[in-house]
Each structure stands twice: as C-alpha cells, then as structure tokens.
Amino acid sequence: MQIADQRTRDIMHLLNPFRMNDWDNKTFFRVFQTIQLVFVGVVCLSLIGYHIPIAREVLAFLYLTFLPGILVLKALRLHDLGTIETLLYSVGLSLAVLMLTGLAANIAYPLLGYAQPFSFAILFITIVAVVQVLLYLALTRDREYTGTRPELGIPSSPAVPFLMLFPCIAIIGTYMRDNYHMVTLLFLLLILIAAVGFAVGFDRLIPASCYPFAVYTLALSLLYHTSLISEYIWGYDIHHELHLATSVLIPGFWDMTMPYNTNGMLSVVALVPIYSLVTDLDPVWVFKILYPILFALVPLGLYRAVEKQTDARIGFFSVFFFFSFFTFYTEMISLARQQIAELFLMLTILAMIDKTMNRNKQALLMVTFAFAMIVSHYGLSYIYFFSLVPAWLLLVIPERLKSWLPNWITKSMALLKSDPLAPPATDGGVPIRTLVLPYILIFAALAFFWYSTVAEGTALATVTGIGDKIWTTLFMDSFNPTTAQGMQILTSQSTTPLHGLAKLVHIATQGLIAVGLLATLLKRERWRIEPEYLAISLVFLLINVAGIAVPFFASSLNTSRLYHITLIFLAPFAIIGGIAIYEAIAEKIRTISAVPFMGSAYQALSVFFVVFFLFNSGFIYQVVDDNPTSMALETTGDKPVFNSKEVQGARWVFTEGVERPIYVDGTRWWLLQGFDPHRQRYIPANASLVEPGTYLYFGTYNLVRDSIRIEEREHAVTTAAYTDAGWFTQNRHRVYDNAGSAIYW
C-alpha cells in the first residue's frame with residue numbers, strides 16, 4: 001500500500017517537461033541525453049530497416065522543435081518564465097537555430113567539398129553536433145543554477161479530456177470526408193467549437209485554468225479540419241513553396257540565386273527540407289501535419305499576451321475572434337512561410353510586452369525573432385517594419401515635447417498633461433520602453449541585407465515596385481473599387497441576403513475594434529495595455545483603412561490576409577469595444593438585469609462571436625444551402641483541392657511528356673505550379689489564341705462539368721467566368737487519361 005501511495009505521489013508531482021530549463025543541471029543533463037540517445041537509436045533502427053510506427057516522426061519532431069530552444073534559454077540563463085512562455089520561446093528559438101543551421105551548412109559544406117549539404121547524413125550529423133555544442137554552452141553558462149523543480153500542473157477539470165477529442169474529431173472527420181464524402185463529424189466539430197465559445201461566455205464547464213489548452217486544441221482542430229482534406233496539398237502559394245522545397249531536396253542543395261521572392265524564405269527552403277529529411281516525412285505531410293502544429297501556437301501566444309495585459313476571458317475571446325476569421329484556417333493553410341513568420345511576430349509581441357525580463361536578454365530575443373521573421377516571409381516583415389516607425393513616433397514625440405517645452409506650457413495643455421499612450425497609472429513620465437530606435441534600425445538593416453542579397457534581390461524589388469505603383473495612383477484612384485481591393489469588397493453586391501448579413505457582421509467587428517481602441521485611450525487606468533502594443537495597434541488600424549482606400553495596397557497581399565495580419569494586434573480591442581458598448585447600454589437601461597439574454601457583456605460577446613464563427617466557417621451557408629463557402633464541408637464545386645488522379649496526371653505531363661508549354665485553367669494552374677512554374681500558361685478566353693503544338697491539362701472538374709475557369713484581372717481585381725471546354729479540345733488528341741485528369745495535344 002505504501003509503495004502504491006508513493007507511486008501515486010510521484011505521478012502527481014511529475015517535473016514539468018515544458019520547463020526543462022528550470023530543472024537542476026544533473027536532472028536536466030540525464031533526461032536530455034536520454035531523449036537524445038533514444039532519438040538517435042530510433043533513427044538508426046529505421047535506417048537498417050527496423051521501423052517503429054510513428055516513433056521516428058514524433059521523436060524527431062519533438063527533438064527538432066523543442067530541445068535546441070530549451071538549450072538556448074538555459075544558456076541565456078532565462079528561468080521562471082512560466083509554462084506557456086517557456087514553451088513558445090523554446091519553439092521559436094529552435095526554429096531559428098534550425099534555419100540558421102541549414103543556411104550555414106548550405107554555405108560552408110560546398111566550400112569543404114561536400115556538394116549536398118541538404119542530404120540526410122550530413123544534415124543529421126550537423127544538427128546533433130549543433131545540439132551538443134548548445135548543451136555544453138547551456139551547462140557551462142548556467143552551472144550555478146540549482147533548479148526549482150517545477151511540477152506539471154494538469155487541471156483536474158473534465159474539460160481537459162473533452163477538449164483533447166477535438167483534434168481527433170478533425171482527423172477522423174477529414175478521413176471520412178475524403179474517402180466516403182461524409183462531413184457529419186466536421187459539422188459536429190464546428191458545433192462543439194461554437195459550444196466552447198458559449199461555455200466560456202456563460203462561465204460554464206470550461207474553467208479559466210483550461211483556457212490555454214482550449215485555445216490550442218480549438219486552433220489546431222480548425223487547422224486540421226481544412227489542412228487534412230485531400231491526400232495532397234491544396235490552395236495557392238503552397239504549390240510554389242512545395243516546388244522550392246523539392247528543388248532543395250532533390251539535388252541536396254539550396255540554390256540561393258533562383259529569382260523568386262519565396263526562394264529567399266528559409267521557412268520554406270531550409271525548414272521544410274530539414275523536417276522532411278530528419279522525420280522521414282514527405283514534404284507534403286510536413287505542410288499538412290507539422291506546420292499546423294506550429295501555427296496553432298500563434299493563438300496560444302496571443303492569448304498569453306492579451307491575458308497578461310487584461311484578463312483570461314478577454315484573452316480567450318480575443319483569440320476566438322482571431323481564429324474564427326476564415327483566413328486563419330483557409331488561406332493560411334496554403335501559406336506555409338507566413339505561418340512561421342506569424343509565429344515569430346507573436347513571439348516578438350510576447351517579448352516586447354514583458355517589462356520584467358533583463359533588458360539585454362529581451363533585446364537579444366527581439367532581434368533574433370525579428371531576423372527569423374525576415375527570413376520567413378517578406379510581406380509580413382515589411383508590414384511590421386513600416387508600422388514600427390510611426391508607432392515609435394507616437395511613443396517618443398509626447399515624451400520629447402514634455403522635456404523640450406517650458407513647464408507652464410505643458411501644464412496648460414491637457415493633451416500633454418495626460419498622455420493617452422503613457423503606461424497606465426502613471427503621470428505621463430518617461431516610461432521604460434521596449435520599442436526603441438536601435439531595434440528599428442537593426443530590423444531595417446537585417447531586412448535590407450537579406451532581401452537585397454538573396455534570390456537576386458527580388459523581394460526588395462517587389463516592395464519597391466508596389467510602392468511605386470501606389471504612389472503613382474494614390475491621388476487619382478483612391479477609393480476606386482478597381483484599384484483598391486478593400487473598397488471593391490465593401491461596395492460589391494452580395495450574392496444572397498445571407499451573405500450580405502455576414503458582410504454586416506464583419507463590418508461590425510471593425511466598429512468594435514475602433515470603439516475598443518478609443519475606450520483604451522480614454523481609460524488607460526482600466527485597460528492596462530502596454531504602450532508599445534497600443535501604439536502598433538493604432539498603426540495597424542490605419543493599415544486597415546489603407547487597405548480600403550489606397551490603390552494596390554491590399555491587393556499586394558490580399559485584403560483578407562491583410563485583415564488577418566492586423567487582427568494579431570487588433571483582436572483584443574474588439575472585445576474591449578464590445579464590453580464598452582455593453583456597459584454604455586447598461587448604464588442607460590438601469591433595469592438591464594431584467595432584459596432577456598443580457599446577463600453580462602461576456603454572454604453578449606459569446607453570442608456575437610459564435611455567430612461570426614459560424615458564418616466564417618461556412619457552417620450556416622452549408623446548413624441552408626446558400627452558396628456554400630467551406631473548403632471542408634462542401635465536397636463539390638470548383639476549388640483548389642486536388643485528388644490523386646489529378647496529381648498523377650500533372651506528374652505525367654512533366655515527366656513523360658515532351659517539354660512544351662502547358663495550358664491550364666485558373667484553378668488547376670496552382671497544381672501545376674508545384675511541379676514547374678515555367679511551362680504553364682493560362683487558358684485565354686478565346687480558344688484561337690492557344691498556341692499550336694502545346695499541351696492542354698484538364699482536371700476532374702473540367703472533365704465532369706465540361707467547363708473551364710477563365711480568369712481576367714483588371715488592376716487589383718480578378719474576375720472569373722466559366723466557358724464550354726469543348727471549344728478548346730477541338731482538333732486536339734487526348735494523349736493521357738486516367739479518369740480523373742486528361743492531357744490533350
């Protein structure tokens with residue numbers, strides 16, 4: 001009995017594995033080396049033919065994603081950060097170490113005579129060696145640390161096993177969808193996610209201690225319910241990303257000179273090959289399984305950042321709003337590089353608002369995450385950088401004015417006497433800021449150096465071209481729906497009244513954000529948002545306005561993607577705005593407790609954002625069969641989701657066919673982009689314009705519907721129409737047909 005009781009106590013007091021850097025050095029070393037030996041052993045067994053199912057994949061992913069970052073944290077002597085911060089920082093630092101290792105190997109090994117740095121043997125030995133060096137540095141620099149033995153605290157609530165079911169439902173649901181065209185489980189998943197939103201709003205079933213776990217499982221489930229449809233990648237840019245990752249894996253070398261913007265992004269050309277080689281997963285499954293696990297950490301980090309500044313329920317609903325917006329689990333699935341970049345942006349936010357961390361260590365983290373963001377996605381890096389300068393000015397100008405102007409002037413000017421961007425509960429004195437000019441200059445220098453030297457400077461040329469186009473049309477075409485994509489979306493006629501209602505709900509969220517920002521500025525003592533976060537949020541609100549008014553600004557990314565990016569900062573203000581409006585109404589209506597369905601602001605917010613989620617997920621449209629929009633729930637229609645036969649046909653035309661141009665319609669164009677971006681051509685509206693002696697590729701939709709999607713672009717707006725496929729197959733021979741795709745010559 002005593003032995004059983006002791007075992008029970010040991011289980012209940014397990015050391016927290018997410019905070020390994022807080023363990024004492026002896027325990028840390030033993031556990032770390034045990035994990036490493038098991039990992040190396042499993043890999044070696046796999047190499048000689050003894051493959052343990054999923055063991056290599058899981059161990060390799062954990063080893064690559066967590067351990068290098070833990071070693072960096074220990075080497076920096078960063079302790080007692082908390083479970084969430086330690087987990088997030090360790091993952092971010094691990095990814096940064098992996099990308100830098102891949103870059104260094106690609107540069108150094110060819111000079112030493114090894115022509116294939118991205119081969120398994122060389123890369124595996126290099127990564128293990130790097131980890132051993134980091135282990136030595138960690139134990140040497142942190143030798144005096146005695147450890148705090150943090151315990152793994154698992155909430156005892158029944159909500160934990162309930163929430164653990166969500167990713168399982170998503171995985172099984174997508175399998176049923178792909179193989180049996182049954183979407184019942186995916187419907188159930190969306191209903192359960194909505195139920196969690198209601199439960200938090202009405203303070204039932206889900207305790208605050210479970211909010212972080214709920215945020216992560218809900219986000220991962222939403223990502224999996226779309227990423228896992230089809231056995232192949234789906235979407236748009238991700239096909240080009242797959243092509244670039246494959247172009248590294250096949251020769252075992254990254255050609256840094258290929259003139260593609262994406263070719264300069266280590267999140268694609270280094271990180272994907274490293275994961276693929278070490279885990280022994282095809283790059284397709286790296287994109288579909290591993291990247292969503294990493295991207296789901298973004299809502300978790302945002303929850304922690306908001307919770308630290310406000311409270312747990314505001315943090316939860318901020319993130320619920322963020323991942324309810326459809327871009328999170330649709331467009332972002334096909335933008336692997338932006339998924340990783342947003343992870344680093346979130347880590348930058350988390351480090352920026354931490355005013356308790358040592359300033360030198362904080363600066364090192366912020367610069368590291370800044371560089372990792374730069375080499376992950378140029379678009380997000382540009383947006384963040386161009387927001388830093390005006391945000392810094394918003395912070396520094398009031399400080400300088402107070403120090404430059406005479407006292408009698410500053411005392412007589414109310415705006416200077418009460419600085420709305422000063423830290424809450426201060427008298428407007430000069431605060432300790434984490435957004436400083438040296439950080440901005442370092443960010444600018446790193447961005448310029450990387451974008452001007454890698455991939456023949458195409459990323460720098462792209463933003464220069466966009467800036468020139470905006471400047472030349474700014475005063476002539478502002479608010480023009482053909483050049484300002486955001487204005488086109490606002491002014492376009494909704495296809496049905498229900499879709500029109502959804503547009504109003506989206507506009508309402510913008511209003512809530514504006515009200516929330518105003519409420520935060522007016523009541524700094526209540527809404528304790530850090531000045532840096534607030535200043536950047538104000539700039540991001542202006543970016544939203546620019547997406548509506550400024551020509552070619554939103555279309556350079558896409559309006560929905562731009563809004564999604566701004567929500568990283570702006571989402572909490574929608575919740576604050578909702579609370580402010582609710583309280584204003586409650587003040588007017590003294591008998592608010594007697595009004596049905598208005599028990600608290602959080603209940604009202606939960607109803608609103610659950611409706612917002614059901615619109616964005618396509619659930620409502622699918623139920624009433626009103627122009628369904630969901631990639632997961634709708635199994636028919638023309639979408640960039642491709643089956644195995646379409647992939648097989650595309651592979652045939654690039655490997656077996658004679659090398660000649662391939663004509664393809666607007667949807668299937670993205671599939672062919674993943675094989676060779678040089679040979680494909682858009683099918684023109686007029687069949688007579690198709691060059692003779694070329695291939696014509698048809699996918700399943702083209703064959704079943706006998707229809708082709710023709711796309712035309714006018715300035716920043718793309719329109720699409722469908723035409724009879726028969727016009728294009730006349731006088732052509734069918735040289736390939738597998739009942740799911742066909743090639744004509």
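That block above? That's the structure.
To keep things clear, this report deals only with the structure shown in the data block. (Residues numbered from 1 in each chain as written. Predicted model: local features only at pLDDT ≥ 70, side-chain atom pairs only at ≥ 80, totals over all residues. Heavy atoms only, no water.)

Tallying secondary structure elements over the chain gives 31 helices and 7 strands in all. Residue burial in the chain is summarised as follows: out of 745 residues, 56% are buried. (Helix = DSSP H or I, 4+ residues; strand = E, 2+ residues; numbered from the N terminus. Buried < 20%, exposed > 50% of the residue type's maximum accessible area, 1.4 Å probe, protein only.)

Along its 22 residues, helix α5 (residues 120-141) runs 31 Å from first to last C-alpha, staying within 8% of the 32 Å computed at 1.5 Å per residue. Of the surrounding secondary structure, the elements contacted by the buried residues of α5 are α2 (25-47), α3 (55-75), α4 (83-111) and α11 (271-279). (Expected span 1.5 Å × (residues − 1). Contact = heavy atoms within 4.5 Å.)

With that settled, the discussion passes to the packing of aromatic side chains. Applying the stated criterion across every chain, the model contains 46 aromatic pairs. Here the aromatic cluster, defined as three or more aromatic residues joined through ring pairs, consists of Y211, F295, F316, F317, F320, F322, F323, F328, Y602 and F613. Between K74 and the ring centre of F28, over which it is positioned, the NZ or CZ distance is 5.1 Å. The residue whose ring lies beneath R660 is Y695, and the NZ or CZ to ring-centre distance is 5.1 Å. (Phe/Tyr/Trp six-rings, centres within 6.5 Å; stacked < 30°, edge-to-face > 60°. Lys NZ or Arg CZ within 6 Å of the ring centre and 35° of its normal.)

Looking now at the environment of S376. If you trace the backbone, S376 turns up in the loop between α16 (359-374) and α17 (378-404). Residue S376 is classed as buried on the basis of its relative accessible area, which comes to 0%. Along the sequence, S376 and E342 sit 34 residues apart, while their C-alpha atoms lie 8.9 Å from each other. Within the structure, S376 has its side chain in polar contact with the backbone oxygen of A372 (distance 2.6 Å). (Polar contact = N/O pair within 3.5 Å; in protein donor to acceptor, adjacent residues only side chain to side chain.)

As a further point, take the packing of α16 against helix α20 (residues 437-453). At a closest axis distance of 10 Å, the pairing of α16 and α20 adopts a crossing angle of 30°. Here α16 is positioned roughly parallel relative to α20, judged by the angle of their axes. Here the hand of the crossing between α16 and α20 comes out right-handed. Here M366, V367, A370, F371, M373 and I374 of α16 come into contact with α20, specifically with Y439, I442, F443, L446, A447, W450 and Y451. Partitioned by chemical class, the residues of the contact of α16 with α20 number 13 nonpolar, no polar and no charged. (Axes fitted to C-alpha atoms, helices over the stretch in contact; angles between N-to-C directions. Parallel < 35°, antiparallel > 145°, perpendicular 65-115°, else oblique. Left-handed = near helix turned anticlockwise from the far one by under 90°. Nonpolar A, V, L, I, M, F, W, Y, C, P; charged D, E, K, R; others polar.)

What follows concerns the pairing of strand β3 (residues 695-698). Residues Y695 and Y697 line one face of β3 and the alternating positions L696 and F698 line the opposite face, and both faces are buried. Both strand β1 (residues 662-664) and β3 contribute to a ladder of 2 bridges, which runs parallel. Counted as the bridge partner of Y663 is L696 from β3. Of the strand pairs in this sheet, β3 and strand β7 (residues 742-744) are connected by 3 bridges, and their pairing is antiparallel. Across the sheet, residue F698 finds its bridge partner in β7, namely A742. (Pairing = 2+ DSSP bridges.)

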